[in-house]
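Next come the chains, spelled out residue by residue.
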Amino acid sequence: MKSNGNYDWKISTIGGVTRIRITSGEDIAHLDELDQKLWTVLSCPVNGLEMPQKTLSLIDSDHDGKIHVGEVVASAKWLTSVLKNPDSLVAGGDSLGLDDFNEDNEQGRTLLSCARQILQTAGLDKTSVSIAEAESYLDLVSKRPFNGDGVVVPASAGDDEELKQTIADIVATQGGVEDRSGEAGVDKDKLDAFYAAVADHVAWLDSGQKDADGIFPYGDDTVAALACVEALKAKIDDYFLRCKLAQFNADPAGLNVAPERIGQIATKNLSDCVGEIAEYPIANVSADRTLDLTQGINPVWTGEVDRFRSLVLNGESSLTEEKWLSVQDKFTAYRAWLAAKKGGSVEPLGEARLRAVLAAGRKDAIAELIASDKALEESVANVESVSKLLILHRDFYTFLRNFVTFDDFYSAVDGSTKAIFQAGTLYIDQRSTDLCIKVADMGKQGDIAGLSGMFILYCACESKVKKETMNIAAILTEGQIANLRVGQNAVFYDRQGNEWDAVVTKIISNPISVAQAFMSPYRKFADTLSERMKKSLADKENKVMGDMTGKAGSINVPAAEGTEAAKTAAKPPFDITKISILVAAFGMAFSCVTLALKALFKPWYTILLVLAALVVCISGPSMLITWIKLRKRNLGPILNANGWAINSKILVNSRFGSYFTHLVRLPKIKAEDPLSDKTPLWKKILLWLAFIVVVAGAAWLICPADKRPFCSKPEAEVAVDSTAAAEPAEGVADLPAEGVAAEPSESAGQVSSEGAEQVSAEAAL
């Protein structure tokens, strides 16, 4: 089969869907020619899969947390270009021979040279390089001061303490960039931002010094003075506004603290009421609208007022509104200067340190360190590429079997492999299921997963050892479901063998098997009948108890024997006529039912056909619907809800589904259970006798009357019309009377068995 190019793809039917087969390195090399409509998966998440996280991150080239078709194709083209024999991708493995590098490709030659350097550095005389050796060398390179990422750390400065301190200051004020070693360092952008901020901040400080008298009205105390003014501003503004309102109000005392408020806290520990007292006005209103700063001040604010007098008013004892406004005006220039501040990020270093940094002029020295580190970028990148090649050489074909095709999933038939989305095994209700998927978002599962047609148990799992939690969706494909419920405990084992405590949090119920569907109507009927019986019995019990309670106090005492009341209340005498009528009616009904059954079930096997028809009518629709649903069970919606973009159906029919759920298999036990309920022998004999009698009676009733055992055949009765006897038919008139009486005609003397049975039944009636 050809797709977007001339390459002839091999196809097969797997899981009821026609899929492309990837079986060789040549197939991998031509993935760019495969029509995207033929891919099983269009994208999958990087997290939550049973594959090394680093492998998935290497394929996810744009690092958006999803692997798309384009990224898979790009990885395939790169791998097949640097390898001499792409078929080695199918075999996989942790190591790669030096002769497997494609020396006809420029990058292949570069990677081969780097692989030899890795072996030489490790002191190994080998013809192959492994993942462990490449990772060890990369870790060694990463810990060096210069490791090719363009980021320098304090250790990169060697013995130059000033340079170390400057790099540390940059990290502290601008934020660090993670070095390949994992330590926070500085790159070119952080370096430029730091020195620009230092220059701007120092220039801003210099602008303040040029007009110090206008900007700093209180000299070195300006900052403290402004802080004091800002702390008192709301209280003092409130005081002067109250004074103005007092002139308008006839009762100015109402603007002061009400005695009731003070009375409410008078009995309390006042040290616990500081917050409430601070909300009181700073002082009582004054008729001359002057604030006395020496007395009558709210005790919570006296300390701040004293600092205000000292720093701002030079010890003055009172404050007018005009003076207060003039004090605030003095800070106008200072506030404008603060608003123009630049380089605030480096301000915590202090003015002295900032001027020292500018005076040292070590920016170029740090830039040279960054350039030296950056010069090693290509060589370190080659080491990373060798590591990437080895990791993808091991895992890429496995990934393709779970992305382009679902071969690993459908290989569950022989149990050789598992899909990368299968998280482990859940044990619950005497069974285990291997089809367990980690759930990233339970909300999405509720909206989409129900479309799968599968029976799903959602479980919350917790590992006490790993101190982690997760949610899984466990799919059951075998066994009964009667004992499964929300809140049921189970045990989950992940693919690494770690044990998790699991609790069922949600169940999406769908048919599991056709056999289960056979009993489903009867089970539903039994459940419904049981519930109604329970409800009916409960209602009757409540009614009886209510009647008994209501009538408990109204019971009539029986009349004394011999009195008129006792005679009236005496029971009527026993009437045998009523009993006779009931017995006769029962006999007639039994005879009618017997005749009806005999006519209905003739011949004898008719009853078996009727029973079979009833079973088909009751269980047939349920079994047919279940059979159709089982053929359409699709894993795709569950994976879609978990972040996958599934491009085709992932069908799980009955036969295939049976490979995922394993039921308990117990040997036949011959020993008798000592704790079982034992039925006495006489009860067993009575039960068997009753069963035999019922079966024999049913067979006797069904059997035709002339063939019933232990029953004599009915004699034919002949009725002769008196007129016919007096006037014999033509042709027999000359015969003697005895001859006529002794040899009746066959037509008159023969009665069919059906007629005899009818006569007998009528006679019985």
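It should be emphasised that the depicted structure is a prediction, and the values quoted were computed from it without experimental measurement.

Conventions adopted
Residues numbered from 1 in each chain as written. Predicted model: local features only at pLDDT ≥ 70, side-chain atom pairs only at ≥ 80, totals over all residues. Heavy atoms only, no water. Helix = DSSP H or I, 4+ residues; strand = E, 2+ residues; numbered from the N terminus. Contact = heavy atoms within 4.5 Å. Axes fitted to C-alpha atoms, helices over the stretch in contact; angles between N-to-C directions. Parallel < 35°, antiparallel > 145°, perpendicular 65-115°, else oblique. Left-handed = near helix turned anticlockwise from the far one by under 90°. Nonpolar A, V, L, I, M, F, W, Y, C, P; charged D, E, K, R; others polar. Core = buried A, V, L, I, M, F, W, Y, C linked by side-chain atoms within 4.5 Å. Buried < 20%, exposed > 50% of the residue type's maximum accessible area, 1.4 Å probe, protein only. Salt bridge = Lys/Arg side-chain N within 4 Å of Asp/Glu carboxyl O. Pairing = 2+ DSSP bridges. Arc of directions from axis to C-beta. Expected span 1.5 Å × (residues − 1). Phe/Tyr/Trp six-rings, centres within 6.5 Å; stacked < 30°, edge-to-face > 60°.

S.K.: Looking at this structure, how should I read the overall build of the protein?
M.R.: On a plain count of helices and strands, the protein comes out with 31 helices and 19 strands. Long-range contacts, defined as pairs at least 24 residues apart, comprise 68% of the intrachain contacts of the protein with a sequence gap of at least 6.

S.K.: I tried to follow the packing of helix H8 (residues 188–210) against helix H16 (residues 351–360) on my own but got confused; where do I start?
M.R.: Each pair of packed helices gets described by two things: the angle between the helix axes and the distance between those axes. Where H8 meets H16, the axes come as close as 10 Å, and the angle between the chain directions of the two elements is 120°. Taken as axis vectors, H8 and H16 run oblique relative to one another. As for the relative orientation of H8 and H16, their crossing is left-handed in sense. Contact residues: H8 offers Phe194, Tyr195, Val198, Ala199, His201, Val202, Leu205 and Asp206, while H16 offers Glu351, Leu354, Arg355, Val357 and Leu358. When the residues that make up the contact of H8 with H16 are grouped by side-chain class, the tally is nine nonpolar, one polar and three charged.

S.K.: Quick question: what am I supposed to make of the nonpolar core here?
M.R.: One broad trend across soluble globular proteins is that nonpolar side chains are buried collectively. Membership of the largest hydrophobic core comes to 80 residues, with the highest contact counts inside it found for Leu31, Phe399, Phe406, Phe409, Phe421, Leu635 and Trp644. Excluding residues that lie within four positions of it along the chain, phenylalanine 421 makes contacts with Leu49, Phe406, Phe409, Leu435, Cys436, Ile437, Lys438, Leu635, Leu639 and Trp644. Grouped together as the second largest cluster of nonpolar side chains are 34 residues, Ile215, Phe216, Val312 and Leu313 included.

S.K.: In this structure, what is going on with the pattern of salt bridges? I would like to understand it.
M.R.: Throughout the structure, instances matching the rule amount to 30 salt bridges. Notably, a salt bridge pairs lysine 37 with aspartate 35, separated by 2.7 Å at the nearest N-O pair. One salt bridge connects lysine 233 with aspartate 237, and the closest N-O pair in it is separated by 3.0 Å. A residue pair is termed a helical-turn pair when its members lie 3 or 4 positions apart in one helix, as lysine 233 and aspartate 237 do in helix H10 (residues 222–248) at four residues. Linked by salt bridges that have partners in common, Glu162, Asp169 and Arg353 make up one network.

S.K.: Quick question: what am I supposed to make of unusual backbone geometry here?
M.R.: Negative phi is the rule for most residues except glycine; trans is the rule for most peptide bonds. With phi around 55°, asparagine 314 is a residue other than glycine that occupies positive phi space. Note on placement: asparagine 314 falls in the loop between helix H13 (302–311) and strand E10 (318–320).

S.K.: Even after reading the chapter, I still don't get the environment of isoleucine 437, so can you show me in this structure?
M.R.: The topology assignment puts isoleucine 437 in strand E13 (residues 436–439). Along the backbone, isoleucine 437 and alanine 423 are 14 residues apart, and their C-alpha atoms lie at a distance of 5.3 Å. Filtering out sequence-adjacent residues up to four positions away, isoleucine 437 remains in contact with Phe421, Asn471, Ile472, Ala473, Leu635, Ile638, Leu639 and Asn642.

S.K.: Just to check I follow, could you spell out the sheet that holds strand E4 (residues 66–68) for this structure?
M.R.: The strands that make up a sheet pair up through hydrogen bonds in the backbone, lying either parallel or antiparallel. The strand order E4-E3-E18 describes an open sheet built from three strands, whose pairing is antiparallel. A single partner strand is all that each edge strand has here, and the edge strands are E4 and strand E18 (645–646). Taken together, the two bridges between strand E3 (residues 41–45) and E18 define a ladder with antiparallel strand orientation. What sits directly across from serine 43, in E18, is alanine 645. The sheet contacts of helix H3 (residues 69–82) involve E3 and E4, and relative to E4 the element is tilted by about 70°.

S.K.: What's the story with the sheet that holds strand E15 (residues 468–476) in this structure? I'm lost.
M.R.: Pairing is antiparallel in the open sheet, where eight strands are placed in the order E13-E15-E14-E17-E16-E11-E12-E19. On the outer flanks of this sheet lie E13 and strand E19 (661–663), each paired with one strand and no other. Neighbour-to-neighbour, the strand axes of this sheet turn through a mean angle of 30°, independent of strand direction. Relative to E15, E13 is paired through four bridges, and the arrangement is antiparallel. If you follow cysteine 436 over to E15, its bridge partner there is alanine 474.

S.K.: I would appreciate a short explanation of helix H14 (residues 321–329) in the present structure.
M.R.: Residue pairs spaced three or four apart in an α-helix point in one direction, given the helix's 3.6 residues per turn. Buried residues of H14: Glu321, Trp324, Val327 and Gln328, and no others. Around the axis of H14, the buried residues are gathered within 120° of arc, so they sit on the same side. Exposed residues pointing more than 90 degrees away from the buried face of H14 are listed as Glu322 and Asp329. Next to the buried residues of H14 lie H10, H13, E10 and helix H15 (332–339).

S.K.: Would you mind going over helix H7 (residues 161–174) with me for this structure?
M.R.: Taking 1.5 Å of rise per residue, 14 residues should cover 20 Å, and H7 covers 20 Å from first to last C-alpha, within 8% of that figure. Here H7 has its buried residues at Leu163, Thr166, Ile167, Asp169, Ile170, Thr173 and Gln174. Buried residues of H7, seen end-on, are gathered within an arc of 155° and therefore sit on one face of the element. In H7, those exposed residues whose orientation departs by more than 90 degrees from the buried face are Glu161 and Ala172. Close packing links the buried residues of H7 with H8, H16 and helix H17 (363–374). Two residues or fewer after H7 comes glycine 175, characterised by a positive phi angle close to 85°.

S.K.: Teacher, can you tell me more about the packing of aromatic side chains here?
M.R.: Evaluated as defined, the whole model comprises 23 aromatic pairs. Consider the rings of phenylalanine 406 and phenylalanine 421, whose centres lie 5.5 Å apart with planes at 35°: the pair is tilted. With phenylalanine 406 in the loop between helix H18 (377–400) and helix H19 (407–410) and phenylalanine 421 in the loop between H19 and strand E11 (424–428), the pair connects residues that are 15 residues apart, well separated along the chain. Residue phenylalanine 406 is classed as buried on the basis of its relative accessible area, which comes to 1%. Residue phenylalanine 421 is classed as buried on the basis of its relative accessible area, which comes to 2%. Here phenylalanine 406 and tryptophan 644 contribute two aromatic rings whose centre-to-centre distance is 6.3 Å and whose plane-to-plane angle is 85°, an arrangement assigned as edge-to-face. Of the two residues, phenylalanine 406 is situated in the loop between H18 and H19 and tryptophan 644 in the loop between helix H25 (636–641) and E18; the sequence distance between them amounts to 238 residues. What makes tryptophan 644 buried here is its relative accessible area of 4%. A network of ring pairs unites the aromatic residues Phe406, Phe409, Tyr410, Phe421, Trp644, Phe656 and Phe660 as a single cluster.

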